[in-house]
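Structural description and commentary
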Amino acid sequence: MSAISASEKVDGFTRKSMRKAQKQRKSQGSSQYRTQSAPVELSPLPQLKDAPSTEQQELFTQKLQQCCMLFDFLDSVTDLKSKEIKRATLNELVDYVSTNRGVLVETAYPEITDMICTNIFRTLPPSENPDFDPEEDEPTLEASWPHIQLVYEFLLRFLENPDFQPSIAKRYIDQKFVLQLLELFDSEDPRERDFLKTILHRIYGKFLGLRAFIRKQINNIFLRFIYETEHFNGVAELLEILGSIINGFALPLKAEHKQFLMKVLIPLHTAKALSLFHAQLAYCVVQFLEKDPTLTEPVIRGLLKFWPKTCSQKEVMFLGEIEEILDVIEPTQFKKIQEPLFKQISKCVANPHFQVAERALYFWNNEYILSLIEENIDKILPIMFGSLYRISKEHWNPTIVALVYNVLKTLMEMNCTLFDELTSSYKADRQREKKKEQERDELWKQLEELRLSNPTLVQNNCHGLPKNNNDLNLMFPIVLHLDKLNSYLKMSIF
Amino acid sequence: MFGAVNALGEALVCQALHRGVKTQQRRREGPAAALLWQKPRSAAQQRHSVTAILSKMAGADGDDSLYPIAVLIDELRNEDVQLRLNSIKKLSTIALALGVERTRTELLPFLTDTIYDEDEVLLALAEQLGNFTMLVGGPEYVHCLLPPLESLATVEETVVRDKAVESLRKISQEHSPVDLEVHFEPLVKRLASGDWFTSRTSACGLFSVCYPRVSSTVKAEIRQHFRTLCSDDTPMVRRAAASKLGEFAKVLELDYVKSDIISLFTALASDEQDSVRLLAVEACVSIATLLPQEDLETLVMPTLRQAAEDKSWRVRYMVADKFSELQKAVGPEITKNDLVPAFQNLLKDCEAEVRAAAANKVKEFCENLPEDSREQIIMTHILPCVKELVSDTNQHVKSALASVIMGLSTILGKDNTIEHLLPLFLAQLKDECPEVRLNIISNLDCVNEVIGIRQLSQSLLPAIVELAEDAKWRVRLAIIEYMPLLAGQLGVEFFDEKLNTLCMAWLIDHVYAIREAATCNLMKLVEKFGAEWAQNTIVPKVLGMANDPNYLHRMTTLFCINALSEACGQDITTKQMLPVVLKMSNDQVANVRFNVAKSLQKIGPVLDSNALQTEVKPVLEKLATDTDMDVKYFAQEAISVLALA
């Protein structure tokens, strides 16, 4: 056993950073269910460029078939020679499809897609680190990357080849292909996801018939991520693709697209790992609003509904997104949403977490937002005033206090009279609020008493409703009593 | 007067309800949304004025039982979520006060309109409505609850939807067969053919509760709907259907199980998404249980075999995880022919997750093998795999195995255990991963019954010592918890010789939790070995610590005394422990002094009244005048608890 330092013995919790440092960058193999028998040793084939053009096609096919052999990369000593041969062959194939014209004859398509499918489509292995924190932890890298990278490269060059014909390829690059491709976006290896992103984007561009399908499957992945697993590594990449897809939507927007915005993109904001894809998500949302400004109100209401209650980091992101939206908002839309929105902003300004408060106060540095506020100062000032006034006296952070003073000054300049009125009524308003609060407490107390004085109600609230008849008898007196009251009421003035 | 007050309360209730409905409409209409914002203010003002009147009148009369109800209803629309939530949680109170009729005609429509709210509120609402049958007038009117629950069953948030389905399932039982067909079944149909996937997912959970109690034509419709959902093009819906397949199969007539369920099962088990396939494995257990033995081979086994070799590790993991259930469901013959090789493969799977799940099942699987061939199967087929797992590369696999491997000894008997299992136990006791060793040690009792623990003691000791000094305090804590068990099995002699020093060393551990556990451990040991043993081996050492320069160690003495006094009895406590405690009342550290007061309070009941009066009382009285306020507090508490004042 290694020597244990005293500090370690004290709490047993070594600091996370220390543990991290000890760990090496790990890599893991693909979860291939090895029904395949042990790899046969590969023997090198002649170079394509040396072969006479009549035999080139045949050799190309042979090389593709050779590349269907899979190797175990977790074992770094076996099959070294064959691995090298495959690597060299893949390199040659990449080169061959990207530089030569006329190599994509119809018979090559099935061979090509077969090689690609065999290599890249696999069930992703279980995560080594079940509480993988994408922000803190190093991702586990794909062990067979030396080969897989080249296969991805090859797929990309294949799709981008000027001779590439979607009408032939669609027989092989079909819904099933896309589905498997989408599943790979869950890979922990960012290099792989990056390739997948480009490839899916090309496929979306070239195969018109697959577009709706791709959108629907992405939808499903997101919904599953939001409501079922809360885990999917490729959300950011998929959103990036969607960003450019949304950009190309025709106007007026189809109902399907609006539904996607409201039922998928907005709920995506609830994810715990929002920080990993927030930039892409906000971009998509803003794209939608630029296309169709009438969506502004539902979108902002949606964001307000999912506004983070405890996570300050997420709150800062939400504020960032709101600012992006306000940057493109139309004044008429702003009027529709200003009151609920500024109520939230006024809460943020008063947030004890200085980063949240600061982010909200930065809105007043934005010229366009300032002009919107000025236009609607009569509505906004009364909402903001209370928080700002209080915070200017109470916030622990001097930077925030300074910012608040500036904001108050700006607001005062916008409507001096209203500002003075609010200042003079501030105290009375607070007292009224306090009184209201007291009243509410009082009422709840009364209610408690009502329940306490009535054992049936107490029982009822503690244990749900009585199930058997004996309990029912207990309950009836009160019901009857209230029924009697009701009959009184019917006779009375009402 | 009496009537008038209540009329006012009543009017308020009405007003609150109707205002609510109107606001909801406005909200949905959209353009007038700004109004909604001003609403709470005016509501509050109104309430304010009404409050004033009411309190005046209530003062004169004293009965204002309906008034708080109005408040509750008003709060249902408050801006603050917490207040809405509080109010929703009191929903049964509101309903009870309104009476069944008005609950049906006013409250429920109002609630149905409320379904725009925050998920938290909706969740509470969905839960409440499941218990509402009596409040709407009993089973005769239970269908009134369906509209709000139907809306809740379509919301996005899974938690809310699941709760709504749970409540719907609950109240379905309260429907009469007629109502079930007239009201409930149409709802299920509407959900099953909803546009958005959420309603279809919810529908999946409702088929099985209404199927047994409806007519055969309706039954046929229900089966058709279920079939449709099993091939829905949203994977979420297929997952929901797959997860309810077993439950639905249970309520179907056997012929339909064979004709309908099997084909659905086969289709789901070869779905393109592994998340659907793995749910089919769960259903497999229920389906196999329902079918007669002779049909299993043709109807279930092909699918099960395929699942055990699925290309996705998640599906194979599921098979491993459900292995014991599957084994019971398919019976001994199929187990022998099919499951044994399948199990071997799972134990050798390329994914550690799958191996660990299978390793967890080793004991249960072996136990449930048919008796006539059990030993032979284990020795020739299972044990070789188990041997490999002992030196697996993954610690979770080894640790899963270690938690069950000891159980094999009872199945295999003494000779086989000594010859085949013992070497494995010993190897695991030396494993580099503490969890593995710990799991072995924690299951020693199984081996003890079969071969006696002596066989292991030579290897046991180094393993225990190493765990006792592990760097992770949680490991140390775990081994402490097994000490009493070990002591019982190893006997007092072995314990004194080898383990006693460890137990004492834990008392001065750096981590409080360890010192605390060590104290508790001593108590259990004394209970096991008796007071005399305690007097000779433990008490002197514990009391010796009272003079330690470290105040934490001095406090440990007190904690030990607290724990041990009862087990040691009056004699030892009075003669040996009490003097030490009393002496420590002069300690210079206040923490020690107030712990003296606490200890005296604790051991007081063990002492006789003479000792209490002459020795304890003066000391406590002195402590009660201490300069430190905590010492004072605890001394006074002790005085009053021991009734020495």
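Treat the numbers as computed from the prediction; the structure is a model and nothing was measured. (Residues numbered from 1 in each chain as written. Chains lettered and ligands numbered in written order. Predicted model: local features only at pLDDT ≥ 70, side-chain atom pairs only at ≥ 80, totals over all residues. Heavy atoms only, no water.)

1. Quick look at the overall build of chain A
For chain A, the count of helices and strands is 23 helices and two strands. Counting only residues that meet the buried cut, chain A has 50% of its 494 residues in that class. Considering only contacts in chain A between residues 6 or more positions apart, those separated by 24 or more positions represent 75%. (Helix = DSSP H or I, 4+ residues; strand = E, 2+ residues; numbered from the N terminus. Buried < 20%, exposed > 50% of the residue type's maximum accessible area, 1.4 Å probe, protein only. Contact = heavy atoms within 4.5 Å.)

2. Structural notes on the confidence of the model for chain A
All names here are of chain A. In this model, chain A carries an average pLDDT of 81, and 82% of its residues clear a pLDDT of 70 or more. Predicted confidence is poor over residues 1-25, with pLDDT under 50, and the contacts of this stretch with residues over four places away or in other chains come to 28 contacts. The low-confidence segment residues 457-494 (pLDDT under 50) makes 53 contacts with residues lying over four places distant or belonging to another chain. (pLDDT = per-residue confidence, 0-100.)

3. Brief notes about the packing of helix α28 (residues 454-468) of chain B against helix α29 (residues 473-506) of chain B
Residue and element names in this part refer to chain B. Contact pair α28 / α29: the axes reach a minimum separation of 10 Å and the direction vectors enclose 140°. Of the possible angle classes, the one that applies to α28 and α29 is oblique. Handedness of the α28/α29 crossing: left-handed. Where α28 approaches α29, its residues Arg454, Ser457, Leu460, Leu461, Ile464, Val465, Leu467 and Ala468 are matched on the opposing element by Val475, Arg476, Ile479, Met483, Leu486, Leu490, Phe494, Lys498, Leu499, Leu502 and Trp506. Its residues placed into classes, the contact of α28 with α29 shows 15 nonpolar, one polar and three charged. (Axes fitted to C-alpha atoms, helices over the stretch in contact; angles between N-to-C directions. Parallel < 35°, antiparallel > 145°, perpendicular 65-115°, else oblique. Left-handed = near helix turned anticlockwise from the far one by under 90°. Nonpolar A, V, L, I, M, F, W, Y, C, P; charged D, E, K, R; others polar.)

4. Considering the packing of aromatic side chains
The geometry of an aromatic ring pair is captured by two quantities: the separation of the ring centres and the angle between the planes. In total, this model carries 33 aromatic pairs over all chains according to the counting rule given. Between Phe249(A) and Phe288(A), the aromatic rings sit 6.1 Å apart at their centres with planes inclined by 50°, giving tilted as the arrangement. Taken together, the residues span a long stretch of sequence, with Phe249(A) in the loop between α11 (235-247) and α12 (255-268) and Phe288(A) in helix α13 (residues 278-291) at a distance of 39 residues. Judged on exposure class, the residue Phe249(A) and its partner Phe288(A) are both buried. Members of the aromatic cluster, joined through ring pairs, are Tyr109(A), Phe158(A), Phe164(A) and Phe207(A). Here the basic side chain of Lys83(A) rests over the ring of Phe73(A), its NZ or CZ set 4.8 Å away from the ring centre. The lysine or arginine in question, Lys598(B), covers the ring of Phe634(B), its NZ or CZ lying 4.8 Å from the ring centre. (Phe/Tyr/Trp six-rings, centres within 6.5 Å; stacked < 30°, edge-to-face > 60°. Lys NZ or Arg CZ within 6 Å of the ring centre and 35° of its normal.)

5. Considerations on the pattern of salt bridges
Taken as a whole, this structure holds 54 salt bridges over all chains when the rule is applied. With a shortest N-O distance of 2.9 Å, Glu142(A) and Arg122(A) are connected by a salt bridge. Within this pair, whereas Glu142(A) is found in strand β2 (residues 141-142), its partner Arg122(A) is found in the loop between α5 (108-120) and β2, the two being separated by 20 residues in sequence. Arg122(A) matches Glu142(A) in its accessibility class, with the two residues each being buried. Salt-bridge contacts for Lys336(B) lead to Glu333(B); the nearest nitrogen and oxygen are separated by 3.6 Å. You can see Lys336(B) and its partner Glu333(B) sitting in helix α20 (residues 323-347), three residues apart, about one turn around the helix. Several salt bridges share partner residues, and in doing so they unite Arg122(A), Glu142(A) and Glu192(A) into one network. (Salt bridge = Lys/Arg side-chain N within 4 Å of Asp/Glu carboxyl O.)

6. Notes on helix α3 (residues 53-66) of chain A
Residue and element names in this part refer to chain A. Look at α3: 20 Å from first C-alpha to last across 14 residues, which is about the 20 Å you get at 1.5 Å a residue. Considered for burial, the residues of α3 that qualify are Gln56, Leu59, Phe60, Thr61, Lys63, Leu64 and Gln66. Looking at the buried residues of α3, the elements they touch are α4 (80-99), α5 and α6 (145-160). (Expected span 1.5 Å × (residues − 1).)

7. Comments concerning the nonpolar core
The nonpolar side chains of a soluble globular protein tend to be buried with one another. Within the largest apolar cluster, 362 residues are counted, with the highest numbers of intra-cluster contacts made by Ile203(A), Phe222(A) and Leu620(B). It is α29(B) that contributes the most residues to this core, 17 residues altogether. Setting aside its immediate chain neighbours within four residues, Phe222(A) contacts Val235(A), Leu238(A), Leu239(A), Leu242(A), Phe260(A), Val264(A) and Leu268(A). (Core = buried A, V, L, I, M, F, W, Y, C linked by side-chain atoms within 4.5 Å.)

8. As for the environment of Leu411(A)
Residues and elements named next belong to chain A. Note that leucine 411 resides in helix α20 (residues 398-414). Using a relative accessible area of 0% as the deciding quantity, one classes leucine 411 as buried. Not counting residues up to four positions away in its chain, the partners in contact with leucine 411 are Trp364, Ile373, Ile377, Leu381, Leu388 and Phe419.

9. Some remarks on the environment of Leu179(A)
Structurally, Leu179(A) can be placed in helix α8 (residues 175-184). Leu179(A) gets classed as buried once you look at its relative accessible area, which sits at 7%. Setting aside anything within four residues of it in sequence, one finds Leu179(A) in contact with Phe213(A), Gln217(A), Glu272(B) and Gln273(B).

10. Some remarks on the side chain of Arg238(B)
Residue and element names in this part refer to chain B. On the secondary structure map, arginine 238 appears in helix α14 (residues 235-251). We classify arginine 238 as buried; its relative accessible area is 7%. Within the structure, arginine 238 has its side chain in polar contact with the backbone oxygen of aspartate 232 (distance 2.8 Å). When neighbours within four sequence positions are excluded, arginine 238 is seen to be in contact with Leu229, Cys230, Ser231, Asp232, Asp233, Leu268, Asp271, Glu272, Gln273 and Val276. (Polar contact = N/O pair within 3.5 Å; in protein donor to acceptor, adjacent residues only side chain to side chain.)

11. Comments concerning the packing of α11(A) against α13(A)
Residues and elements named next belong to chain A. Direction vectors running N to C along α11 and α13 enclose 15°, while the axes themselves pass 8 Å from each other. Between α11 and α13, the interaxial angle falls into the category roughly parallel. Considering the relative orientation of α11 and α13, their crossing is left-handed. Residues Ala236, Leu239, Glu240, Leu242, Gly243, Ile246 and Asn247 of α11 lie in contact with α13, whose contacting residues are Gln280, Leu281, Tyr283, Cys284, Gln287, Phe288 and Lys291. Its residues assigned to classes, the contact of α11 with α13 shows eight nonpolar, four polar and two charged.

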